[in-house]
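Notes for the structure review
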Amino acid sequence: MTAVLPADARSGRAVETVYRPAGALDVPGTIGQLGRGPYDPTTAWDLQGMWRTWRTPEGPATLRILRASADGGIRAAAWGPGAHWAIDAVPGLLGKDDDWSGLDVRSHPLLRESLHRNPGLRLMRTGLVLEALLPAIIEQRVTSLEAYRSWARLLRWYGEPAPGPVPEGLRVVPTLQQWRGIPSWDWHRAGVDPRRARAIQAVLAVAPSLERAIGAAASLDDAESAMRTIPGIGQWTVAETLQRSHGHPDLVSVGDYHLAHQVGEALTGSRVDDDGMLELLEPWRGDRQRVVRLILASGFRFQRRGPRVALQDHRWH
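Residues numbered from 1 in each chain as written. Predicted model: local features only at pLDDT ≥ 70, side-chain atom pairs only at ≥ 80, totals over all residues. Heavy atoms only, no water.

**Considerations on the sheet that holds strand 4 (residues 59–66)**
With antiparallel pairing, the 5 strands of this open sheet are ordered in space as 1-5-4-3-2. The sheet terminates laterally at strand 1 (15–19) and strand 2 (43–45), the two strands that pair on one side only. On average, adjacent strands in this sheet sit at an angle of 20 degrees to one another, irrespective of strand direction. Where strand 4 and strand 5 (residues 74–79) come together, 4 bridges link them in antiparallel fashion. Residue pairing across strands places T62 opposite W79, the latter belonging to strand 5. (Pairing = 2+ DSSP bridges. Helix = DSSP H or I, 4+ residues; strand = E, 2+ residues; numbered from the N terminus. Axes fitted to C-alpha atoms, helices over the stretch in contact; angles between N-to-C directions.)

**Considerations on the confidence of the model for the protein chain**
Scored by pLDDT, the protein chain comes out at a mean of 92, with 91% of its residues at no less than 70. In this model residues 2–11 is a low-confidence stretch, pLDDT under 50, and it forms 22 contacts with partners more than four residues away in sequence or in other chains. (pLDDT = per-residue confidence, 0-100. Contact = heavy atoms within 4.5 Å.)

**What about unusual backbone geometry?**
Positive phi values are uncommon outside glycine, yet R141 reaches one of about 55 degrees. Judged by its relative accessible area of 78%, R141 falls in the exposed class. (Buried < 20%, exposed > 50% of the residue type's maximum accessible area, 1.4 Å probe, protein only.)

**Regarding helix 5 (residues 129–138)**
For an α-helix, 3.6 residues make a turn, and residues three or four places apart therefore share a direction. Most of helix 5 sits inside the fold, with 10 of its 10 residues counted as buried. For helix 5, the full list of buried residues reads V129, L130, E131, A132, L133, L134, P135, A136, I137 and I138. Contacts from the buried residues of helix 5 go to strand 3 (49–56), helix 6 (144–158), helix 7 (176–180), helix 9 (194–216), helix 10 (220–228) and helix 11 (235–245).

See the structure below:
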């Protein structure tokens, strides 16, 4: 992978590259988890591919990734001060180091068929902890739709316009200082209750040291332990973060409202709770997140029962 055009933030010129994966690669299936719902102003999809903004260590950037061409190459371009960083991150983002060769799912028909149908599925790695952690906190114990709306509001109010020739409304997440400066009433107005807002503030207070600790962690287990020291950060939030920032192959989102039901019905035909889900996934320890991704990619949908959770809106109370 070689950049063929130098970045110039002042002129708006792009850094471009063509990434050629060693094997099959499902671009939407691999990076589809990046966006936080249909309103996320950091991510946009069209028929050609994806737009994504980043707050990189070198500054804001917009990354454009196109679907694979006929020769298997995947073109990418980036704009802004962080363009070089974003381009260098493309292989990891597209799962270059994610090795599925040790995963054996021959014993289960649904998993075996899903792996056969999705040979290009990979786990992405962004390398950006804070950008994965903050929206995960916002998604704690509320419906996805509520969380997606809160995230979109905050980015519309405090995000930075994305660099480059981008779709209208695309934003870059705030800087650490800007996140810290959001007043309590705007968290409330965005629909983030005090408990989640306190957890976010706890993260923001230690964000630089947390990122250093995770960067220096000898293993993903150590990275997980570092995150769990922060009040308000539990098992589900850690999993949702490290799945995106580090492509963690084993962490399962325990505590998810629907996941245990879907895993249980997919693997056994019956619903299970979180403990039951972990028991079912135990034969694939080390690859449990890969197995979950195969279930989600299989097209299997569990049977929903009971009324939908009512949306809550306490912003004007």
